[in-house]
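# Descriptive analysis of the structure
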Amino acid sequence: MPKHIMTFDIGTSSLKTALIDEWGKVVAEGGASYPIKQPENGWAEQDPEVIWKHICETSRVVMRKSSVARDDVHGVVFVAPWKNIICLNNQGEVLRDSIIWMDSRAVVQAERLNKSAGTFVGTGQEYWPRLMWLKENQPEIWQQSNHIIGLNTYFKYRATGNLFTEPSDDFIRSDNPELNDYYQQVLRAADLMDDLDKFPLSRKAQETIGVLTATAADELGLRGDVPVFGGFGDLVAITWGVGRSQLDDVHLYFGTSSWLVSIIGKRSDLDAPLYFSIDRETQGAVYALQTGCLALDWLADQVYRVERTILESDIYNLISKEAGQIAPGSEGVIAAHWLNGELAPFSQNAKGFFLNLSINHDRRHMARAMMESICFTHRHNLERLHGLSGRLQNHIRVVGGGAVNDVWMQMLADILQIKVQIPEAPRYTGTIGAYYCAAMGLGWLNDLNTMADKVAIQKEFIPNPGNKDVYDNNYRVYMKIHSALKDIHRDLNGEY
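Residues numbered from 1 in each chain as written. Predicted model: local features only at pLDDT ≥ 70, side-chain atom pairs only at ≥ 80, totals over all residues. Heavy atoms only, no water.

### Here's the deal with the overall build of the chain
Applied cut-off: Strands are runs of DSSP state E lasting at least 2 residues, helices are runs of H or I lasting at least 4, and numbering of each runs from the N terminus. The globule rule used here is 2.2 Å times the number of residues to the 0.38 power, and the radius of gyration it is set against is calculated over C-alpha atoms. Think of it in three bands: residues with accessible area under 20% of the maximum for their type are buried, residues over 50% are exposed, and the middle band is partly exposed, with areas taken using a 1.4 Å probe on protein chains only. By definition in these notes, contact holds between two residues if any of their heavy atoms fall within 4.5 Å.
Looking only at helices and strands, one finds 17 helices and 20 strands in the chain. Its C-alpha radius of gyration of 22 Å places the chain within 12% of the 23 Å reference for a compact globule of 496 residues. Counting over 496 residues, the chain shows a buried share of 58%. Taking the intrachain contacts of the chain between residues at least 6 apart in sequence as the baseline, contacts between residues at least 24 apart amount to 69%.

### Points about the nonpolar core
As a rule of thumb, nonpolar side chains are buried together in soluble globular proteins. Which entries qualify depends on this criterion: Grouping buried Ala, Val, Leu, Ile, Met, Phe, Trp, Tyr and Cys residues that are joined through side-chain atoms within 4.5 Å yields what is termed a nonpolar core. What fixes the domain bounds is an automatic or database domain assignment.
Counting 68 residues, the largest nonpolar core has Trp128 and Leu131 as the members making the most contacts within it. Here the element with the most residues in this core is helix 14 (residues 429-441); it accounts for seven residues. Mapped onto the domain boundaries, this core takes at least three residues apiece from domain 1 (4-230) and domain 2 (244-495). Contacts of Trp128, omitting those with residues within four sequence positions, involve Leu113, Val121, Phe171, Tyr182, Tyr183, Val186, Leu187 and Leu192. The next biggest cluster of nonpolar side chains, apart from the first, holds 55 residues, and it includes Ala300, Trp408, Ala413 and Ile415.

### Observations regarding the UniProt feature "domain: Carbohydrate kinase FGGY N-terminal" (unreviewed entry) in the chain
What counts here: UniProt positions are given in the numbering used here, feature names are shortened, and annotations may be inferred rather than shown by experiment.
When the UniProt feature table is mapped onto this chain numbering, "domain: Carbohydrate kinase FGGY N-terminal" (unreviewed entry) sits at residues 5-237. In this annotation, residues 5-237 is assigned 35% helix and 21% strand; the end-to-end C-alpha distance for the span is 15 Å.

### Thoughts on the sheet that holds strand 15 (residues 283-289)
As a reminder of what qualifies: Whether two strands pair comes down to DSSP finding at least two bridges between them. Axis angles are defined between N-to-C directions and span 0 to 180 degrees, where every axis is a line fitted to C-alpha atoms and, for a helix, only to the segment in contact.
Across the sheet, which stays open at both edges, the seven strands sit in the order 14-15-13-12-18-19-20 with mixed pairing between neighbours. Edge strands, defined here as strands with exactly one partner in the open sheet, are strand 14 (274-277) and strand 20 (457-461). Averaged over all neighbouring strand pairs, the angle between strand axes comes to 30°, with direction disregarded. Direction of pairing for strand 19 (residues 419-423) relative to strand 20: antiparallel, over a ladder of four bridges. Each bridged residue has a counterpart across the sheet, and for Val420 the counterpart in strand 20 is Phe461. Against the sheet, helix 8 (residues 234-241) makes contact with strand 12 (250-254), strand 13 (258-264), strand 14, strand 15 and strand 18 (395-399), and its axis sits at roughly 70° relative to strand 13, the strand it touches most.

### A few points about the packing of helix 12 (residues 363-389) against helix 16 (residues 468-484)
For the record, the criterion: To sort the angles, those under 35 degrees are grouped as roughly parallel, those over 145 as roughly antiparallel, those from 65 to 115 as roughly perpendicular, and the leftovers as oblique. Note on residue categories: nonpolar means Ala, Val, Leu, Ile, Met, Phe, Trp, Tyr, Cys or Pro, charged means Asp, Glu, Lys or Arg, and polar means any other residue, Gly included.
Interaxial distance between helix 12 and helix 16 falls to 10 Å at its minimum, and their mutual angle equals 80°. Regarding the angle of helix 12 to helix 16, the classification is roughly perpendicular. Counted together, Arg368, Glu372, Ser373, Phe376, Thr377, Arg379, His380 and Glu383 of helix 12 and Tyr471, Asp472, Asn474, Tyr475, Tyr478 and Met479 of helix 16 form the full contact between these two elements. Each residue belonging to the contact of helix 12 with helix 16 can be placed in one class, and the counts come to five nonpolar, four polar and five charged.

### A few points about the environment of Phe199
If you trace the backbone, Phe199 turns up in the loop between helix 6 (177-189) and strand 9 (208-211). A relative accessible area of 6% places Phe199 in the buried class. Among all residues touching Phe199, those that are not within four sequence positions of it are Tyr127, Leu131, Trp142, Ile148, Ile172 and Arg173.

### Re helix 1 (residues 48-66)
Stated precisely, the cut-off is as follows: Expected helix span is given by 1.5 Å per residue-to-residue step, counting one fewer step than there are residues.
Helix length check: helix 1, at 19 residues, gives a terminal C-alpha distance of 27 Å against a target of 27 Å (1.5 Å per residue), a fit within 8%. Every buried residue of helix 1 is accounted for by Pro48, Ile51, Trp52, His54, Ile55, Cys56, Thr58, Ser59, Val62, Met63 and Ser66. Note on helix 1: the residue one or two positions beyond its end, Ser67, has a positive phi of about 65°.

Given below as structure tokens:
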């Protein structure tokens with residue numbers, strides 16, 4: 001009988017579960033959504049146990065839908081967002097909701113850390129300042145925490161009882177000497193060197209970290225003793241799945257958050273707001289948007305509320321259709337997608353808006369303007385990448401849920417003025433990356449480069465030169481807005 005791998009691609013607000021056979025074909029799939037808690041401005045938390053329950057439920061559903069026997073599942077792999085902070089006591093119990101990557105509460109700690117380190121480590125959203133915040137503001141939780149782990153590590157722990165992180169979510173130690181030295185510098189400046197035993201050691205993504213316990217196997221609807229692999233963060237999974245994991249490769253991701261990634265050898269090669277580790281030899285330079293398709297979700301929930309209750313997930317087809325009825329440039333309306341605050345070149349206390357609305361505009365203009373704003377931010381980041389690397393792109397691969405929106409992808413091509421390529425199954429790129437990870441661990445695949453060459457391009461969008469002038473003008477205006485409103489955002493929202 002065919003062999004299979006169960007993959008769990010956990011996003012910030014939704015989960016994709018897929019059973020994939022040994023030839024890389026998705027046999028059955030399922031999904032679930034879950035909330036983000038924001039008890040205060042700048043805070044973002046989740047209960048990892050809620051997500052684990054969704055993982056178990058969707059796994060059982062997928063197994064029932066597939067009719068695949070339990071004995072024919074030979075591996076399990078988890079993909080999850082990075083930089084979560086989950087505290088476990090000595091019984092392995094979660095002590096508080098996870099502080100997720102989107103959380104930006106640690107402004108005071110970040111300022112102190114940057115000064116102590118003698119370099120810019122990050123904002124209040126960075127990992128180490130949030131650890132400092134936890135240690136200083138919830139000392140009883142910190143003292144009770146035998147282990148401080150990320151989301152991928154938590155799910156592997158629930159599955160196997162073993163605690164191992166992986167390179168893309170390890171900000172304590174690294175096999176890369178340059179990066180390890182940097183981590184040590186930051187940890188000393190953060191006064192965290194005495195706490196290192198709280199953080200698990202790392203194993204390679206393709207390495208087996210344990211097997212399913214009897215309890216976990218029962219919860220997941222799988223057999224016991226199935227190997228569980230190290231897996232990785234969503235950034236690496238998507239990079240593998242899109243076939244853009246070699247030096248100088250570039251891709252765009254349109255999901256709840258959104259990002260531009262360029263693959264580099266070492267971090268000193270390219271100045272970027274964020275980086276992630278793939279392995280000892282390669283890194284990803286990340287130019288990220290905190291709010292990507294989440295802005296479209298907000299439109300669906302708030303501006304198309306009645307239609308959403310009727311159409312449910314099909315609401316996005318209506319939004320796309322209506323946005324396509326409006327001319328490029330949205331007849332002068334400019335939006336900002338910064339609903340949760342934003343990363344550089346903007347700021348955490350900057351929030352979203354619609355500018356230049358008149359009585360002649362309607363929700364179609366608002367929808368198109370919001371979609372265009374995300375493309376404008378990516379244009380800025382791509383221009384920055386061009387300036388730093390000296391390499392011009394004549395095409396770019398785009399994946400994620402937003403990549404299935406033809407109207408949006410044509411906007412992107414027109415605004416970037418380069419060809420946009422959409423691979424097959426763009427919503428499942430992280431799932432495919434997870435499959436590659438486990439398949440390499442099982443010995444089914446030997447060379448990731450060979451698989452990358454087989455990524456088929458499903459659609460291409462060619463820039464329309466007739467739209468260049470209107471988009472150039474709106475882009476120039478868009479890039480002036482943040483500095484123009486900086487004081488207003490600080491007065492309304494404070495500094496964070």
